[in-house]
Amino acid sequence: MIKAIRGTRDLLPPDTDLWNFVEERVRSVFQRYNFHEIRTPVFEATELFARGVGEDTDIVSKEMFTWEDKARAQSEKAQSLTLRPENTAGVVRSYIEHDLGRSGQLQKLYYVGPQFRRERPQKGRYRQFFQIGAEVIGPPSAGSELPIRDAEVIEMLTALLDSVGLKGWTLHLNSVGCANDRAAYNAALREALAGVKDKMCADCQRRAETNPLRVLDCKVPEDQPIIDALPKISQYLDEPCRLHFADVKATLDTMGIAYQVNERMVRGLDYYTRTTFEFTHGDLGAQSAVLGGGRYDGLSESLGGPKAPGIGFAIGEDRMIMALQAQQAAATVAVDAYIAPLGTGMNRHALKLARELRDAGLIIDVGDESFRLKKGFEAAEKMNARYVVIVGENEMKADAFAVKDIKKGEQVTVPRLDLAAALHKQ
Ligand code: AMP
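Peer 1: What is the right way to read the overall build of the protein from this model?
Peer 2: Across its full length, the protein holds 15 helices and 16 strands. Its C-alpha atoms give the protein principal-axis dimensions of about 90 × 60 × 50 Å. Looking at the protein as a whole, 49% of its 426 residues are labelled buried. Working note: accessible area of the protein is about 21,300 Å², and carbon and sulfur atoms make up 51% of it. Here the protein contributes 56 positive and 60 negative side-chain charges, whose respective centroids are spaced 3 Å apart.

So, in structure tokens, the structure goes:
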């Protein structure tokens, strides 16, 4: 038997009803904040992620699905391609390629789609997973650097979580400063790590040399007391970065959005500057992050583009669905009526009636004229239909249909013209 590859999975009904419910809410909430959808390719040049996400991140160094795409013609060169492990680099590439900053306005973009990372599969961690993300990016003259953008994006997330009905989340907030602060902080970390790194895990020993900030991501229990004693990023923020962070926090305070400052939260991607944040959820076990995001003021320039500060986030849709399911927020869509054609020649009349009712916005399923009525009722009950509508010779002659309320067991006859309205009623 051929099976889905480990780390990938089929999303099946009725779960897909919940996925669609979430995506509908996403589109409706994001639209109210004037965000518009962008769809970028699922694979890109490997170099985009190496430069955008960072060579020494776990994603780029261990987790990418990369292949050498053979040259098709002599004039063509072989190219290294990668399935996107995240979507921000692709969005910024697209922003640069299409010169989206030329209008001088902020671009407010969102995406929904699959991402790919070769991680060790476990609960809440897949090799193909889905992210819902948004980015606000634009020239500095459009105010893309201002703290209000950070606060608005975070506030939009809380509105979305309310709209899908997710409760019990915690917002973790930090500032990782800008390039200036980072150099000073990295130097301080390196110095502090020099004395202790021999006692740490192999990954940390390597990171202490190559990218000391990444040490803060380490999850190895024995390393935690050492990491907690390292210098804190807040001591190294320059004046503009401190003021920026203070403004973001003050705006969230005014809006009544609770957060915890978590100075170890530097996030696993190199492009972040200033504000970083994560929302966690208690029902998710070890993989507790539902979403993560932050500011990336230098990303466009590091990809060869113009100065285009930005801020964005990515929600792990798989994890958001898991958290909703743990809350038992099943969003199954009930069938309004099951139409049972009764007797030879009735299928076409049944389908015609189904079309009229579907046009009226009802959810309709149809049986087959060869089924006995009992089989029709059983099918209707199994699919949780509210009514069964019988289409037989007598009904066609009278142009009125027998309608049975499945829960109450009552049956009435309803003229064709009144049928849609009768089925709309609860
Ligand atoms: P990141 O792009 O690493 O900042 O991740 C953003 C969010 O995507 C995380 O908070 C998770 O909810 C989700 N996520 C990341 N990697 C995976 C994965 N392998 N499987 C499922 N969800 C993931």
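Peer 1: Any chance you could explain the nonpolar core here in plain terms?
Peer 2: One broad trend across soluble globular proteins is that nonpolar side chains are buried collectively. Membership of the largest hydrophobic core comes to 43 residues, with the highest contact counts inside it found for Phe 30, Phe 277, Phe 313, Ile 315 and Met 320. When residues in this core are grouped by element, the largest group, 8 residues, is from helix H5 (residues 147-164). Setting aside residues up to four positions removed in sequence, Met 320 forms contacts with Val 22, Leu 160, Leu 161, Val 164, Val 290 and Ile 315. Among the nonpolar cores identified, the runner-up in size contains 38 residues, and Val 92, Tyr 185, Cys 218 and Ile 227 belong to it.

Peer 1: When you look at the packing of helix H1 (residues 15-32) against H5 in this model, what are you seeing that I'm missing?
Peer 2: Two quantities define a packed helix pair, namely the angle between the helix axes and the distance between the axes. Remark: H1 packs on H5, axes separated minimally by 10 Å, with the N-to-C direction vectors making an angle of 140°. The orientation of H1 relative to H5 falls into the category oblique. Handedness of the H1/H5 crossing: right-handed. Counting all contacts with H1, which are made through Phe 21, Val 22, Arg 25, Val 26, Val 29 and Phe 30, the residues of H5 involved are Met 156, Ala 159, Leu 160, Ser 163 and Val 164.

Peer 1: I'm lost on the sheet that holds strand S1 (residues 36-37) in this one. Help?
Peer 2: Sheets are built from strands that pair by backbone hydrogen bonding, the pairs being arranged parallel or antiparallel. Spatially, the 8 strands line up as an open sheet ordered S1-S5-S6-S11-S10-S9-S7-S8, and their pairing is mixed. Edge strands, defined here as strands with exactly one partner in the open sheet, are S1 and strand S8 (260-261). In this sheet, strand S11 (residues 310-316) lies alongside strand S10 (residues 289-295) in antiparallel orientation, the contact comprising 5 bridges. Residue pairing for S11: Arg 295 is matched across the bridge by Ile 311.

Peer 1: Please clarify how the site of the ligand should be interpreted in this entry.
Peer 2: Taken together, 16 residues form the shell around the ligand, and within it Arg 117, Glu 119, Tyr 126, Arg 267 and Ala 289 come nearest. Take Ala 289: an N or O atom from its main chain is 2.9 Å from an oxygen atom of the ligand. Contact distances for the ligand include 3.5 Å between an oxygen atom and a backbone N or O atom of Leu 291. Burial of the ligand by the surrounding chains reaches 92%, relative to a free accessible area of 490 Å². Secondary-structure elements contributing two or more residues to the shell around the ligand are strand S6 (128-137), S10 and S11. Per element, the largest residue contribution to the shell around the ligand is 4 residues, and it comes from S10.

Peer 1: Got a minute to help me understand the pattern of salt bridges in this structure?
Peer 2: A side chain with one charge can pair with a side chain of the opposite charge if their charged atoms come near. Under the definition given, this model contains 23 salt bridges. Salt-bridge contacts for Glu 47 lead to Arg 51; the nearest nitrogen and oxygen are separated by 2.8 Å. Of this pair, Glu 47 and Arg 51 both sit in helix H2 (residues 46-52), separated by 4 residues, roughly a single helical turn. For Arg 51, a relative accessible area of 40% gives the class partly exposed. Note that Asp 297 is salt-bridged to Arg 295, the shortest N-O span being 2.8 Å. Asp 297 sits in the buried class, given a relative accessible area of 11%.

Peer 1: So what exactly am I meant to see when it comes to the environment of Asp 15 here?
Peer 2: Its location among the elements puts Asp 15 in helix H1. Classification of Asp 15 as partly exposed rests on a relative accessible area of 37%. Note: C-alpha distance between Asp 15 and Gln 325 (310 residues apart in sequence) is 9.1 Å.

Peer 1: When you look at the sheet that holds strand S2 (residues 43-45) in this model, what are you seeing that I'm missing?
Peer 2: The 3 strands lie next to each other as S2-S4-S3, forming an open sheet whose pairing is antiparallel. With partners counted over all chains shown, the strands left at the sheet margins are S2 and strand S3 (66-69), one partner each. Here the average twist between neighbouring strands, direction ignored, is 35°. Relative to strand S4 (residues 79-83), S3 runs antiparallel, the two sharing 4 bridges.

Peer 1: Where do I start with a nonpolar patch on the surface in this structure?
Peer 2: Taken together, the side chains of Val 42, Phe 43 and Trp 67 present a nonpolar region at the surface, about 250 Å² in accessible area. Note that Trp 67 resides in strand S3. Judged by relative accessible area, which is 32%, Trp 67 ranks as partly exposed.

Peer 1: In this structure, what is going on with the side chain of Ser 175? I would like to understand it.
Peer 2: As for its placement among the helices and strands, Ser 175 is situated in strand S7 (residues 169-175). Judged by its relative accessible area of 2%, Ser 175 falls in the buried class. Residue contacts for Ser 175: discarding those within four places in its chain leaves Ile 233, Leu 237, Phe 245, Arg 274 and Thr 275.

Peer 1: Any chance you could explain the environment of Leu 299 here in plain terms?
Peer 2: Positionally, Leu 299 belongs in helix H10 (residues 299-302). The class for Leu 299 is buried, based on a relative accessible area of 1%. Sequence-distant contacts of Leu 299, that is, excluding residues within four places in its chain, are made with Gly 52, Thr 88, Val 92 and Tyr 271.

Cut-offs used in this document
- Residues numbered from 1 in each chain as written.
- Predicted model: local features only at pLDDT ≥ 70, side-chain atom pairs only at ≥ 80, totals over all residues.
- Heavy atoms only, no water.
- Helix = DSSP H or I, 4+ residues; strand = E, 2+ residues; numbered from the N terminus.
- Buried < 20%, exposed > 50% of the residue type's maximum accessible area, 1.4 Å probe, protein only.
- Areas by Shrake-Rupley, 256 points an atom, 1.4 Å probe, with all protein chains shown as cover.
- Lys, Arg positive; Asp, Glu negative; His and termini not counted.
- Charge placed at Lys NZ, Arg CZ, Asp CG, Glu CD.
- Core = buried A, V, L, I, M, F, W, Y, C linked by side-chain atoms within 4.5 Å.
- Contact = heavy atoms within 4.5 Å.
- Axes fitted to C-alpha atoms, helices over the stretch in contact; angles between N-to-C directions.
- Parallel < 35°, antiparallel > 145°, perpendicular 65-115°, else oblique.
- Left-handed = near helix turned anticlockwise from the far one by under 90°.
- Pairing = 2+ DSSP bridges.
- Near = heavy atom within 4 Å.
- Polar contact = N/O pair within 3.5 Å; in protein donor to acceptor, adjacent residues only side chain to side chain.
- Salt bridge = Lys/Arg side-chain N within 4 Å of Asp/Glu carboxyl O.
- Patch = residues over 30% accessible without salt bridge, like charges linked within 9 Å, V, L, I, M, F, W, Y side chains within 5 Å.

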